[in-house]
Amino acid sequence: VSTTFLVDGVLSAERAKAIQGRRSTLTSSEHDEFVPTEGDTYQAAALSLVLHTKSPMVPTFRSDVRIFVVQSKETGQSMAWFGGGADLTPYYLFDEDVSEFHGRYKSLCNQHFKDDGVTYDQMKGMCDEYFFIPARKEHRGTGGIFFDDMDATPQTLEFVQDVAKSWMPSWLGIVEKRNSLHYNEQQRKWQLLRRGRYLEFNLLYDRGVRFGLVSPNPRIEGIMVSAPPLIAWEYNHEIAEGSEEDRLMQILKSPKKWA
């Protein structure tokens, strides 16, 4: 579990450009009161929860909610947006568990945004797109939902709160069903190899990690807290065709619709 609070930050040229690029793709950006630029001040807060399990039969669970507020140095105007989500990284597939997980978040999205065009399918697509390892051409896990640059309003605040309230109910049922299943050394080794991929993503591609590392006086232990406690790496690891490991890799190469 990690909580992050940043105050009195100042946007660098690089960070301002990144925000401008993301905001420019959004319909809501047409109504932005100003365009964030170098020198604007910002505040941010985040709650992150990453649970790595000992058993390879239980998936890793990752979730977070966050808010980012920017104030113009020229006019004093402010704008804010939310980000967050929840997703699974299984080592062995139990299809019904993944479907139930996705179904819960699909129902939540439909409950809050059924008339606003912000759909579960869009958030699932964003999750699949974000948690992708380009060099390997594979996704980190079986996804969930992911959202970013969501304008902060009373309605979206309620949604973000309900996402956080759904974290434990969406995962603990899987733990209860799978935690007592037997596993062998080969299955444990596979889990550690996949955790190596998890760490690859965090270090090479995760925006939150990069954001934290370039912040003034970065809190390294907090930034790296989501890393798996143990990993493994093996040169040119081969997977037996038709195995359960192979079945997982087929999904990670080509995500499916779960709900």
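All values derive from a computational prediction rather than experimental measurement.

A. Molecular detail of the nonpolar core. Ranked by internal contacts, the top residues of the largest apolar core, which has 24 residues, are Phe 61 and Phe 159. At the level of elements, strand 3 (60-71), strand 4 (78-89), helix 2 (95-113), helix 3 (120-130), strand 7 (143-151) and helix 4 (154-178) are the ones that each hand at least two residues to this core. A total of seven residues in this core trace back to one element, the largest contributor, which is helix 4. If we ignore the near neighbours within four places in the chain, the residues touching Phe 61 are Leu 49, Val 50, Leu 51, Ala 86, Asp 87, Leu 88, Phe 101, Tyr 105, Trp 167, Met 168, Ser 170 and Trp 171.

B. Summary view of helix 4. Taking 1.5 Å of rise per residue, 25 residues should cover 36 Å, and helix 4 covers 38 Å from first to last C-alpha, within 8% of that figure. If you look at helix 4, its biggest bend is around 35°, right at Ser 166, and the proline Pro 169 turns up within four residues after that. By the burial criterion, the buried members of helix 4 are Thr 156, Phe 159, Val 160, Val 163, Ser 166, Trp 167, Ser 170, Trp 171, Ile 174, Val 175 and Arg 178. Where helix 4 is buried, its residues contact strand 2 (41-51), strand 3, strand 4, helix 2, helix 3 and strand 7.

C. Geometry of empty space enclosed by the protein. Tallied over the full model, the rule gives two cavities of 30 Å³ or more. Of the voids in this model, the largest cavity is the one considered here, and its volume is about 70 Å³. Along its surface, the largest cavity is lined by 13 residues, and Pro 59, Pro 90, Tyr 92, Phe 94 and Asp 97 are the ones closest to its centre. Among the elements of the structure, helix 2 and helix 4 are those that each provide at least two residues to the lining of the largest cavity. Across the lining of the largest cavity, the residue classes break down as 11 nonpolar, no polar and two charged. Around the second largest cavity, the lining residues are Asp 87, Leu 88, Thr 89, Cys 127, Asp 128, Phe 131, His 139, Arg 140, Gly 141 and Gly 143. Counting residues per element, the lining of the second largest cavity draws most heavily on strand 4, at three residues. For the lining of the second largest cavity, the class distribution of residues is three nonpolar, four polar and three charged.

D. Structural context of helix 8 (residues 244-253). All buried positions along helix 8 are accounted for by Glu 245, Asp 246, Leu 248, Met 249, Ile 251 and Leu 252. Looking at the buried residues of helix 8, the elements they touch are strand 6 (138-139) and helix 5 (185-204).

E. Here's a closer look at the packing of aromatic side chains. Applying the stated criterion across every chain, the model contains 14 aromatic pairs. Ring plane angle 15° and centroid distance 5.1 Å describe the contact between Tyr 42 and Phe 68, whose orientation is recorded as stacked. With Tyr 42 in strand 2 and Phe 68 in strand 3, the pair connects residues that are 26 residues apart, well separated along the chain. Judged by its relative accessible area of 3%, Tyr 42 is buried. Ring centres of Tyr 130 and Phe 201 lie 5.6 Å apart, and the angle between their planes is 75°; this geometry places the pair in the edge-to-face category. Residue Tyr 130 is located in helix 3, and its partner Phe 201 is located in helix 5; the two are separated by 71 residues in the primary sequence. For Phe 201, a relative accessible area of 0% gives the class buried.

Thresholds applied
Residues numbered from 1 in each chain as written. Predicted model: local features only at pLDDT ≥ 70, side-chain atom pairs only at ≥ 80, totals over all residues. Heavy atoms only, no water. Core = buried A, V, L, I, M, F, W, Y, C linked by side-chain atoms within 4.5 Å. Buried < 20%, exposed > 50% of the residue type's maximum accessible area, 1.4 Å probe, protein only. Helix = DSSP H or I, 4+ residues; strand = E, 2+ residues; numbered from the N terminus. Contact = heavy atoms within 4.5 Å. Expected span 1.5 Å × (residues − 1). Bend = angle between axes of the 7 residues up to and from the residue. 1 Å grid on protein atoms, 1.4 Å probe; cavity = no way out; pocket = protein on both sides within 12 Å on 5 of 7 lines; lining within 4 Å. Points joined across faces, edges and corners; volume = space filled by probe spheres on them. Nonpolar A, V, L, I, M, F, W, Y, C, P; charged D, E, K, R; others polar. Phe/Tyr/Trp six-rings, centres within 6.5 Å; stacked < 30°, edge-to-face > 60°.

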